[in-house]
Amino acid sequence: MTIYSKIVGTGSYLPAKRVTNNELAAQLAEQGIETSDEWIVTRSGISARHYAEPTQLSSDLALAAAQRALEAAGMQANDIDLIILATSTPDHLGGFPSTACVVQHKLGITNGSPAMDVQAVCSGFVYAMSVADSFIKSGAHKNVLVIGTEVFSRILDFKDRSTCVLFGDGAGAVVMSASSEPGVLASKLHADGSHGHILCVPGNVGNGAVAGSAYLYMDGPAVFKLAVSVLDKVAREALAAAKVDASEIDWLIPHQANIRIMQGTAKKLGLPLEKMVVTVGEHGNTSAASIPLALDQAVRDGRVKPGHTVMMEGVGGGFTWGAVLARM
Ligand code: ACO
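Description of the structure in this document. Here the structure is a predicted model, which means the values were calculated and not measured.

## Structural notes on the packing of aromatic side chains
For the coordinates displayed, the defined rule picks out two aromatic pairs. A ring pair is formed by Tyr 51 and Phe 158, whose centres lie 6.0 Å apart and whose planes are at 90°; its orientation type is edge-to-face. Placement of the pair is Tyr 51 in strand β3 (residues 48–51) and Phe 158 in the loop between β6 (143–151) and α6 (161–164), with a sequence separation of 107 residues. Under the relative-accessibility criterion, Tyr 51 is labelled buried at 6%. The ring of Trp 251 carries Arg 303 above its face, with NZ or CZ at 5.9 Å from the centroid.

Take a look at the structure:
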């Protein structure tokens, strides 16, 4: 019997602190930095974002999202036999212990099953889903908790108006389980390290200190150009692999980076904008968390229903990109 992987529960969490464009603009104005609600909305579609409290770590946001996904799946934490967590803002410098291991402990999982982080920046969630799909299809694991979680506010330079207005914090999670019916129909992943410099945190750690900048750097126009072309290509690759026509997509859930990139992607795929789940306006760009946050919102408000075909696709630093086509 063919084993498929299927999403059986979704969950998400946004920190309580919501900051509107006007509030952020007022805060930046105190440092002599000029921006406006009008500039941010026009260029990115973002109206507000959420910021974690200084005491909240990526694992705390992930824990809340994971608990909701487990509840939706009707599972206990110890039913999970693998955790894959995507983040670029892990709890610990150097990335260890992995945030996945921290979340495993916070969930009270004591069954000794593996837990690992995946690093593909804003493509992290589709990378993590694709890895989970392969583990499930191979028969190695049955119930995989896949999480995207970020506290991107920690790596934002609030003196750089071209980046700090675009990002926010949050977490999303899904439980993927072995199933006799599909499931993930196809997934395609890519990377091109030659574009690493256009979106990065350039600094590194040595002798107990950070050398170089620990803030996010982005060449916005270069990212924009690359993003639109790769998102269209990878979506078509996934459709071709699954032998599904673009017209059969019920919902497009792209990485929520910028409304103009998202609309460009939908247009290239020939999809009406009503078929795209949009949360960027309220969440900003939450990197690895943006797709599962949007998916969970659309599941909970009844737009995404069992049987629907959903195209999830991400693009991010590395440069990385990928798509997962799934039947809910
Ligand atoms: N408020 C007011 N003015 C600003 C701001 C701001 N917050 N930020 C930049 N500006 C100014 C610039 O200084 C520039 O002024 P100048 O012409 O006097 O030099 C002007 O606005 C235009 O700047 P551009 O960079 O050309 O603006 P653009 O139209 O390209 O929009 C943006 C910038 C929104 C960053 C766009 O390039 C973009 O969306 N890029 C993709 C970003 C993205 O999606 N990143 C995430 C993908 S991967 C991931 O998620 C990690």
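## Topic: the nonpolar core
In a soluble, globular protein the nonpolar side chains are often hidden away together inside. The biggest cluster of nonpolar side chains holds 49 residues, and the ones touching the most others in it are Leu 239 and Met 311. Going through the elements one at a time, α1 (21–29), α7 (220–242), α8 (259–268), β14 (309–316) and β15 (320–327) are the ones with two or more residues in this core. Ranked by residues supplied to this core, first place goes to α7 with ten residues. Both domain 1 (4–181) and domain 2 (185–327) contribute no fewer than three residues apiece to this core. What Met 311 contacts, discounting residues up to four positions off in sequence, is Ala 235, Ala 238, Leu 239, Ile 249, Trp 251, Leu 252, Ile 253, Ala 323, Val 324 and Leu 325. Membership of the second largest hydrophobic core comes to 32 residues, among which are Phe 125, Val 184, Val 277 and Val 310.

## What to know about the site of the ligand
Close to the ligand lie 23 residues, the nearest being Thr 35, Arg 43, Cys 122, Asn 258 and Asn 285. With respect to the ligand, the backbone of Pro 221 contributes an N or O atom lying 3.4 Å from an oxygen atom. Residue Asn 285 places a side-chain N or O atom 2.6 Å away from an oxygen atom belonging to the ligand. Summarising the interface, the protein chains cover 72% of the accessible area of the ligand, which totals 1000 Å² for the free molecule. For the shell around the ligand, the elements supplying multiple residues, two or more each, are α2 (37–44), α6, α7, α8 and β14.

## Some remarks on a nonpolar patch on the surface
A cluster of nonpolar side chains, namely Leu 93, Val 205 and Val 210, defines an oily patch on the protein surface of about 300 Å² accessible area. Examined against the element boundaries, Leu 93 turns out to sit in the loop between β4 (82–86) and α4 (99–107). We classify Leu 93 as exposed; its relative accessible area is 67%.

## Comments concerning the sheet that holds strand β5 (residues 115–118)
With respect to topology, five strands assemble into an open sheet ordered β1-β7-β6-β4-β5, the strand pairing being mixed. Of all the strands in the sheet, just β1 (4–13) and β5 have a single pairing partner and so form its edges. Sheet twist, expressed as the mean angle between neighbouring strand axes with direction ignored, is 20°. Strands in contact with helix α10 (residues 290–300) are β1, β6 and β7 (169–179); relative to β1, the strand with the most contacts, it is inclined by about 90°.

## Thoughts on helix α3 (residues 58–73)
For α3, spanning 16 residues, the distance from its first C-alpha to its last is 22 Å, which sits close to the expected 22 Å at 1.5 Å a residue. Phi turns positive, to about 70°, at Gly 74, one or two residues after α3.

Thresholds applied
Residues numbered from 1 in each chain as written. Predicted model: local features only at pLDDT ≥ 70, side-chain atom pairs only at ≥ 80, totals over all residues. Heavy atoms only, no water. Phe/Tyr/Trp six-rings, centres within 6.5 Å; stacked < 30°, edge-to-face > 60°. Helix = DSSP H or I, 4+ residues; strand = E, 2+ residues; numbered from the N terminus. Buried < 20%, exposed > 50% of the residue type's maximum accessible area, 1.4 Å probe, protein only. Lys NZ or Arg CZ within 6 Å of the ring centre and 35° of its normal. Core = buried A, V, L, I, M, F, W, Y, C linked by side-chain atoms within 4.5 Å. Domains from an automatic or database assignment. Contact = heavy atoms within 4.5 Å. Near = heavy atom within 4 Å. Polar contact = N/O pair within 3.5 Å; in protein donor to acceptor, adjacent residues only side chain to side chain. Areas by Shrake-Rupley, 256 points an atom, 1.4 Å probe, with all protein chains shown as cover. Patch = residues over 30% accessible without salt bridge, like charges linked within 9 Å, V, L, I, M, F, W, Y side chains within 5 Å. Salt bridge = Lys/Arg side-chain N within 4 Å of Asp/Glu carboxyl O. Pairing = 2+ DSSP bridges. Axes fitted to C-alpha atoms, helices over the stretch in contact; angles between N-to-C directions. Expected span 1.5 Å × (residues − 1).

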